[in-house]
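Residue-level listing of the chains:
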Amino acid sequence: MKSIINIKRYLTAALALLLMAGCSKILDEQPRSIFTPDYFSTEKGVLGGITSMYAHLRYLYGEAYYYNSCITGTDEATYAQSADGNFRDMDLSGVGQISATSHPTSFVWNVSFPNINTASGIIENAANVGVAESIVAEARFFRAFDYFLLVQTYGGVPLDLGAGELQFNTNPVRFSVRNTVPEVYTKAIFPDLLLAVENLPDAGRVTGGVTKTLARLYLAKAYLTYAWWLENPNNIPTYPEVGRTDPDGHDATWYFQQAYNIAVEAIDSPGPFGLQPSYYDIHIGSNDRNNEILLYADHTEKSAFYNGGSLEYGSGGAPDNFAVWMFTWNYTLLRSSSDASWSNAVSSVQREAVQSLGRPWTRMAPTIDVIKNTFADKINDSRYDGTFVTVYRGNWPKAGVSQTILYNANNLPVNPGDPILTFLNEEPETPIDYTNWATKSNVGAGALPGRADFVISPEGLSRLRHPGLWKLGTYRTDNGDGLGQPNAGSTRPFNIAKFSELYFIAAEAAVKGAAAQGGKSARELINVIRARAGKWTFDNAGNMEKMADYSEQMTTATPTMIDINYILAERSREYYGEGYRWYDLVRTQKWTELSSSYRIGGSGIGDHTPTTVTRSIQPFHYLRPIPQGQLDGMQMTEAEKAAYQNPGYN
């Protein structure tokens, strides 16, 4: 296969080295531009190959178009005002369509196969050069990791890259055969992950390195996903077509139980991992790489070379981490006035390299339903405040504006650091005055009596204006007294796997019939997460410390009997905007049910009337198309290529 033999493209940078002050357990292998078969026959080559496997994560996680494919078109997001076809296609709402040439759906295919081949080269050669089995287990984890992504995204995929199943290939191959879904799971994913669990250490070999707990999480999740595939409750088609039977003779119930058992085992034997005290603590940039994070695609502000991108101006392409730009609306359009007559409008919220601001691209937007329904409880549950930017504060002196006071809504004065615009938690009792202030605010915001900040209510959200995504926002320590480098890609790690997901996996398996152990029923597992969500340590909207514990209110409100829809709602509250959603909805076959319509406002600044938009999600959409570039590169007949493509995309 032409597109799966290039094993050099992800070797341009090693995992960032300068990330943990005082830590000596870092990857110190030097990046290479190419690996040859001979190079894999040396210890240095094997270790270099391992390093490249961490680096390859950057070509998916933090990459905006892949990120878009995981969220846009689900119940979490739609396209925003400045979206191009890459974002409109994914929405499936009549403004575009997913096809074999859609860029966002090609990433998993194009990124995963080179890394799989590298992993196979390491596995084949490591024993001959005396590399420890614990290091080989890292390659086994990544091979399973990539195959798991592939099978969830496209269905059955090839195990033979040209030299035999799961063999390292060194020669160009222009023909390919897709294995079935059961073959991919039982020949590749499960065996590699079982060996990874057996041989990986409790603590990573290097900072951010893969561990036994991480391997258990992915093994449990793979068992869970395969169990759903075997059960197939909504008769979603698979491809290549095959009976929903397991080659090893197990049924869905068996795999749900295995998912539960492995997840609980990881919870009970966590190694150095665990839950952070509060939701805020997980996501505040100063606490990145905390012990709740099991895997991340790393970046650093210390070195452009090890960051994988400029520290001054982002390229808008991998390996930069620029996903959060897509959710960032153009808040720099906001205007205040230098005097109460509004004779001189001033940009009062400047683009700044801080977690609540960053670089606006306006490509993706949360729906009104997310704000009002998914995050209905904004009082007890800290996750809304810990996910979104709802208050935009003045920072104009950092841009050289000398005035210390500006005038804002109701012609009231505001100082630097004061709220300029607030997205309200709910509809106010007093109607918002949009008529007199929408144009002055320059973003269609209104005013409420006695308030100096412009306001927009949940019903007033649109593709132009909506809360930003705080949890993934920019974090830099080198801004000084200025605006810093807001045009650079994020130098934060992009989180991929969290310890908290083990609770969700076990709970989902329990809902699907797995026998629960004492103290770990589905409700009890979910309540561990909900209790933590009730603990506040900081109020982002108020920009102040908030020590409050609403754990009892949160856990009491949990239904006595929870179902899959409740778990999916909790998963969205916990992982909103992190790239989980499409895979969650496809696994549980709930995509159509939960995402077929949404509400959003218009694209004009004065449009505050929500519109209900309908999506056309067809059963064949539950698999992404094989990229056209792959088909074009194969020397096969047109009929063979058509048969290779997932149905619905020819």
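None of the values given here were measured: they were computed from a predicted structure. (Residues numbered from 1 in each chain as written. Predicted model: local features only at pLDDT ≥ 70, side-chain atom pairs only at ≥ 80, totals over all residues. Heavy atoms only, no water.)

1. Quick look at the overall build of the protein chain
So, point 1. Check the secondary structure of the protein chain and you find 20 helices and 17 strands.
So, point 2. Here the C-alpha radius of gyration of the protein chain, 25 Å, is about what a compact globule of 650 residues would show, namely 26 Å.
So, point 3. Its C-alpha atoms give the protein chain principal-axis dimensions of roughly 75 × 55 × 50 Å.
So, point 4. Of the contacts formed within the protein chain by residues at least 6 apart in sequence, a portion of 74% connects residues at least 24 apart.
So, point 5. Carbon together with sulfur atoms contributes 49% to the accessible area of the protein chain, which is approximately 22,300 Å² in total. (Helix = DSSP H or I, 4+ residues; strand = E, 2+ residues; numbered from the N terminus. Rg over C-alpha atoms; globule rule 2.2 N^0.38 Å. Contact = heavy atoms within 4.5 Å. Areas by Shrake-Rupley, 256 points an atom, 1.4 Å probe, with all protein chains shown as cover.)

2. Points about helix α6 (residues 181–199)
Counting along an α-helix, one turn takes 3.6 residues, and residues three or four places apart therefore face a common direction.
So, point 1. An ideal rise of 1.5 Å per residue puts 27 Å on 19 residues; α6 measures up with 26 Å between its terminal C-alpha atoms.
So, point 2. The largest bend in α6 is about 30 degrees, located at Ile189, with the proline Pro191 one to four residues further on.
So, point 3. On its buried side, α6 packs onto α5 (133–154), α7 (212–231) and α8 (252–268). (Expected span 1.5 Å × (residues − 1). Bend = angle between axes of the 7 residues up to and from the residue.)

3. A few points about the packing of α5 against α6
So, point 1. At a minimum axis distance of 8 Å, the contact between α5 and α6 shows a crossing angle of 150 degrees. Taken together, the axis directions place α5 and α6 in an arrangement best described as roughly antiparallel. Relative to α6, α5 is oriented so that their crossing is left-handed. The residues of α6 that touch α5, namely those facing Glu133, Ser134, Ala137, Arg140, Phe141, Arg143, Ala144, Tyr147, Phe148, Val151 and Gln152, are Val181, Val184, Tyr185, Ala188, Ile189, Asp192, Leu193, Leu195, Ala196 and Asn199.
So, point 2. Classifying every residue of the contact of α5 with α6 gives 14 nonpolar, three polar and four charged. (Axes fitted to C-alpha atoms, helices over the stretch in contact; angles between N-to-C directions. Parallel < 35°, antiparallel > 145°, perpendicular 65-115°, else oblique. Left-handed = near helix turned anticlockwise from the far one by under 90°. Nonpolar A, V, L, I, M, F, W, Y, C, P; charged D, E, K, R; others polar.)

4. A few points about the sheet that holds strand β7 (residues 391–393)
In any sheet, the strands associate via hydrogen bonds between backbone groups, in a parallel or an antiparallel arrangement.
So, point 1. Taken in spatial order, the three strands make up an open sheet running β7-β10-β11, and their pairing is mixed. Pairing within the sheet leaves two strands with one partner each, and these edge strands are β7 and β11 (454–456). With direction set aside, neighbouring strand axes in the sheet form an average angle of 10 degrees.
So, point 2. Relative to β11, strand β10 (residues 419–423) is paired through three bridges, and the arrangement is parallel. If you follow Phe423 over to β11, its bridge partner there is Ile456. (Pairing = 2+ DSSP bridges.)

5. Re the side chain of Arg463
So, point 1. One can find Arg463 in the loop between β11 and β12 (468–469).
So, point 2. Polar contacts involving the side chain of Arg463 include one to the side chain of Tyr598, which spans 3.1 Å.
So, point 3. What Arg463 contacts, discounting residues up to four positions off in sequence, is Thr78, Tyr79, Ala80, Gln81, Thr362, Ala365, Tyr598, Ile600, Gly601, Gly602 and Val613. (Polar contact = N/O pair within 3.5 Å; in protein donor to acceptor, adjacent residues only side chain to side chain.)

6. Some details on the pairing of strand β15 (residues 544–549)
So, point 1. The pairing of strand β14 (residues 535–539) with β15 spans four bridges and is antiparallel. For Lys535, the partnering residue across the bridge sits in β15 and is Asp549.
So, point 2. Connecting β14 to the next strand, β15, in antiparallel fashion are four residues, including Asn543 with a positive phi near 55 degrees.

7. Quick word on the layout of surface pockets
So, point 1. Taken as a whole, the largest pocket holds about 530 Å³ of empty space.
So, point 2. Taken together, the elements giving at least two residues each to the lining of the largest pocket come down to β6 (388–389) and β7.
So, point 3. Counting residues per element, the lining of the largest pocket draws most heavily on β7, at three residues.
So, point 4. Across the lining of the largest pocket, the residue classes tally to 12 nonpolar, eight polar and four charged. (1 Å grid on protein atoms, 1.4 Å probe; cavity = no way out; pocket = protein on both sides within 12 Å on 5 of 7 lines; lining within 4 Å. Points joined across faces, edges and corners; volume = space filled by probe spheres on them.)

8. Points about the nonpolar core
So, point 1. Tyr61, Phe141, Tyr147, Ile189, Tyr218 and Tyr392 are the most contacted members of the largest nonpolar core, which totals 182 residues.
So, point 2. If we skip the residues at most four places from it in the chain, Tyr147 touches Phe113, Ile116, Val157, Pro158, Leu159, Leu161, Leu166, Val184, Ala188 and Ile189. (Core = buried A, V, L, I, M, F, W, Y, C linked by side-chain atoms within 4.5 Å. Buried < 20%, exposed > 50% of the residue type's maximum accessible area, 1.4 Å probe, protein only.)

9. Some remarks on the pairing of strand β2 (residues 293–297)
So, point 1. The buried fraction of β2 is high, at five of five residues.
So, point 2. Relative to strand β13 (residues 494–498), β2 runs antiparallel, the two being bridged by four bridges. Bridging across to β13, Leu295 finds its partner in Ala497.

10. A word on the pattern of salt bridges
So, point 1. This structure, assessed with the given rule, holds 34 salt bridges.
So, point 2. A salt bridge links Asp268 to Lys520; its shortest N-O distance comes to 3.1 Å. Placement of Asp268 in helix α8 and of Lys520 in the loop between α13 (501–511) and α14 (522–533) is noted, with a sequence separation of 252 residues between them.
So, point 3. For Asp268, a relative accessible area of 45% gives the class partly exposed.
So, point 4. For Lys520, a relative accessible area of 17% translates into the label buried.
So, point 5. Close ionic contact of Arg571 with Glu501 constitutes a salt bridge, the shortest N to O distance being 2.7 Å. Highlighted residues: Arg571 in helix α16 (residues 564–575) and Glu501 in helix α13, separated in sequence by 70 residues. (Salt bridge = Lys/Arg side-chain N within 4 Å of Asp/Glu carboxyl O.)

11. Re the confidence of the model for the protein chain
So, point 1. When the pLDDT values of the protein chain are averaged, the result is 93; 94% of them are 70 or greater.
So, point 2. In the predicted structure, residues 1–24 sits below a pLDDT of 50 and forms 91 contacts with residues beyond four places in sequence or in another chain.
So, point 3. Here residues 26–33 is a poorly scored stretch, pLDDT under 50, and it has 25 contacts once near neighbours within four places are set aside; other chains count. (pLDDT = per-residue confidence, 0-100.)

12. Side note on the packing of α14 against α16
So, point 1. For the pair α14 and α16, the least separation of the axes is 12 Å and the interaxial angle reads 35 degrees. Crossing angle aside, the handedness with which α14 passes α16 is left-handed. Between α14, through Ile526, Ile529, Arg530 and Arg532, and α16, the contact on the second element is made entirely by Tyr566, Ile567, Glu570 and Glu574.
So, point 2. Classifying every residue of the contact of α14 with α16 gives four nonpolar, no polar and four charged.

13. Some details on α14
So, point 1. In this model α14 runs 17 Å from its N-terminal to its C-terminal C-alpha over 12 residues, within 8% of the 16 Å that 1.5 Å per residue would give.
So, point 2. Of all 12 residues in α14, nine are buried, a share of seventy percent or more.
So, point 3. Within the sequence span of α14, burial applies to Ala522, Leu525, Ile526, Asn527, Ile529, Arg530, Ala531, Arg532 and Ala533.
So, point 4. Lining the buried residues of α14 we find α8, α9 (279–283), α13, β14, α15 (551–556) and α16.

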